[in-house]
Amino acid sequence: MKRIFIWGAGKELEVVYKAVNKELCMIAGIVDRDSQKQGRNFKDNIRIESPDVLKGAEFDYILISAIRYKAILNDCQAMGIDDNKVIIFWKDNEEFPYIDYKEKKIAELEAEVEKYKWRLENLPYELGMGRRIHIKSSEELLHVIIGRKASLCRFGDGEFELIRNRERPWFQTVNPKLALRLKEVLDSDDYNIIAAVADNFGSLEKYTPKAADSIRQYLYNGNREGILELLDKERVYYDAYVSRPYYIYKDKKYAEKIYSLWKTVWNERDVLIIEGKYSKIGINNDLLINANRIRRIICPEKNAFDYYEEILSTVKSLSVHDELVLISLGPTATVLAFDLAKEGIQALDVGQIDMEYEWFLHGAEDRIEIAGKGVAELSWCRIPFDKIGDEIYGQQIIRRIEDA
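This write-up is about the structure you can find in this document. Counting restarts for each chain: residues are numbered from 1 in the order of the written sequence. Only residues with pLDDT of 70 or above have their local features reported here, since the model is predicted, and side-chain atom pairs are shown and tallied only from 80 upward, although totals for entire chains, interfaces and linings are computed over all residues. Note: side-chain values were computed over all heavy atoms of the structure, leaving out hydrogens and water.

## Some words on the pairing of strand β7 (residues 151-155)
And step 1. Counting buried residues in β7 gives five out of five residues, a clear majority hidden from the surface.
And step 2. Burial status follows relative accessibility: with a 1.4 Å probe on protein chains alone, a residue under 20% of its type maximum counts as buried, one over 50% as exposed, and anything between as partly exposed. Only DSSP runs of H or I with at least four residues qualify as helices, and only runs of E with at least two residues qualify as strands; both kinds are numbered from the N terminus onward. The side-chain alternation of β7 yields two buried faces, one formed by Ser151, Cys153 and Phe155 and the other by Leu152 and Arg154.
And step 3. One ladder, built from five bridges, connects β7 with strand β8 (residues 193-197); its direction is parallel. Looking at β8, one finds that leucine 152 is bridged to isoleucine 194. Pairing between two strands is assigned when DSSP locates at least 2 bridges connecting them.

## So, the pairing of strand β4 (residues 61-64)
A regular strand places its side chains on the two faces of the sheet in alternate fashion.
And step 1. Side chains Tyr61 and Leu63 of β4 all project onto a buried face; the interleaved residues Ile62 and Ile64 project onto the opposite face, where all are buried too.
And step 2. Alignment of strand β1 (residues 2-7) against β4, held across four bridges, turns out to be parallel. For tryptophan 7, the partnering residue across the bridge sits in β4 and is isoleucine 64.
And step 3. Here β4 runs beside strand β5 (residues 86-88); their pairing, made up of three bridges, is parallel. Bridge pairing in β5 links isoleucine 62 to valine 86.
And step 4. Seen with its strands pointing away from the viewer, a crossover is right-handed when the path leading from the first strand over the helix to the second is clockwise. Viewed along the sheet, the connection from β4 through helix α2 (residues 70-78) into β5 turns out right-handed.

## Overview of the side chain of arginine 269
And step 1. With respect to the helices, strands and loops of the structure, arginine 269 is situated in the loop between α9 (254-265) and β10 (271-276).
And step 2. A distance of 3.1 Å separates polar atoms of two side chains, one belonging to arginine 269 and the other to glutamine 346. Counting of polar contacts relies on pairs of N or O atoms within 3.5 Å, with two restrictions inside protein: one atom must be capable of donating a hydrogen and the other of accepting it, and residues adjacent in sequence are counted only when both atoms are side-chain atoms.

## Quick word on a nonpolar patch on the surface
And step 1. On the surface, a nonpolar cluster with roughly 310 Å² of combined accessible area is contributed by Leu123, Leu127 and Met129.
And step 2. Counting through the fold element by element, methionine 129 comes out in the loop between α3 (101-126) and β6 (134-136). To count toward a patch, a residue needs a relative accessible area above 30% and no salt bridge. Like charges then connect within 9 Å, nonpolar side chains (Val, Leu, Ile, Met, Phe, Trp, Tyr) within 5 Å. Computed by Shrake-Rupley with a 1.4 Å probe, the accessible areas treat only the displayed protein chains as cover when residues are assessed. For this analysis, a salt bridge means a side-chain nitrogen from Lys or Arg found within 4 Å of a carboxyl oxygen belonging to Asp or Glu.

## Focus: the packing of helix α6 (residues 176-187) against helix α11 (residues 331-342)
And step 1. An axis is simply a line fitted to the C-alpha atoms; with a helix, the fit covers only the stretch in contact. Between two such axes, the angle follows the N-to-C directions and lies from 0 to 180 degrees. Their axes nearest at 10 Å, the elements α6 and α11 cross at an angle of 55 degrees. Taken together, the axes of α6 and α11 are oblique relative to one another. Viewed along their axes, α6 and α11 form a crossing whose handedness is left-handed. Between α6 and α11, the residues in contact are Leu178, Arg181, Leu182, Glu184 and Val185 and Pro331, Thr334, Val335, Phe338 and Asp339, respectively. Angle categories are assigned with fixed cut-offs, so that under 35 degrees is roughly parallel, over 145 is roughly antiparallel, 65 to 115 is roughly perpendicular, and the rest are oblique. Here a crossing is taken to be left-handed if its near helix is turned anticlockwise relative to the far helix by less than a right angle, and right-handed if that turn runs clockwise. Two residues qualify as a contact provided that any one of their heavy atoms is within 4.5 Å of a heavy atom in the partner residue.

What follows is the structure in structure tokens.
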């Protein structure tokens, strides 16, 4: 009987586990890089462990369950695992005798049917029918920020889910006070505080097919209506994807234009960065090369709103006149940018701007790991495996808050 480890404890695990022929092989374990999944028990009381257990384990095969398998494949190679022992469930077709591929075909067909449900429900809105929200482009938004030194508060799926008291972003649990504050920011009509909303509600033609389907999936089954209830159909919003100009777009050159405008925003400005401890905005790239002095306040990367009063008072006490504040701190950044703007401090919620810039520089076709930086969208490398030994980064840090 063959001993098999399954690598990947995501949503695909159920199908993969079911497809393994238990009469011919034994599932010796399940491994995943995501520390939040480790320690949990799956079916038959199989405990999900760190991939490190493979180093001393005996096995015949590693079965990769994740649809995005390249990073896992790289990890297997780095661990010295023989390529002939690594089987990719969603790629290898009917070549591995210990898998019932009928289960795979059923799962693939069910997934395809689901896609068409999303597409059909969303099609009227993509064709310009139904209720519409006026959202101006990222270029227009950046020109407004440059022209009148406006502040920026962004609303994406995480912020909307939190307002609706629903769990969404892994880095922030549901918090009633945060929900109220986010709704307050969304409803504000301050001339110098811009509310930006993800441009998901009309045509999706500019996005890659994969990104468009992801948006349709999120809006499916009542989510669109739930979000639209929070928005004012008479109001003009701007595009929250201003900080994500690369990965989801068909036209990869579009990012050049947007990043050029971003660099104009902080050109020859002193910059104060408020970020999680694994963000490291502008480190090992030239994103902030034309800024003047750069200082940093490092905050917890998870549940930062629990430390909100301390973060706000620290920024207010340490910021100097005409210093531009850039914030990458999940939904907390949306509220913090608003409160700082009310104090006369220009503050921009820049989200994952640095990671998108890294992918742009790498010409990445998929979300990839970046050395020394946490990748929010990739659960296995939200905490980076390696460290950036950058002396300048350490010198720029002026304060660390709580567990940061």
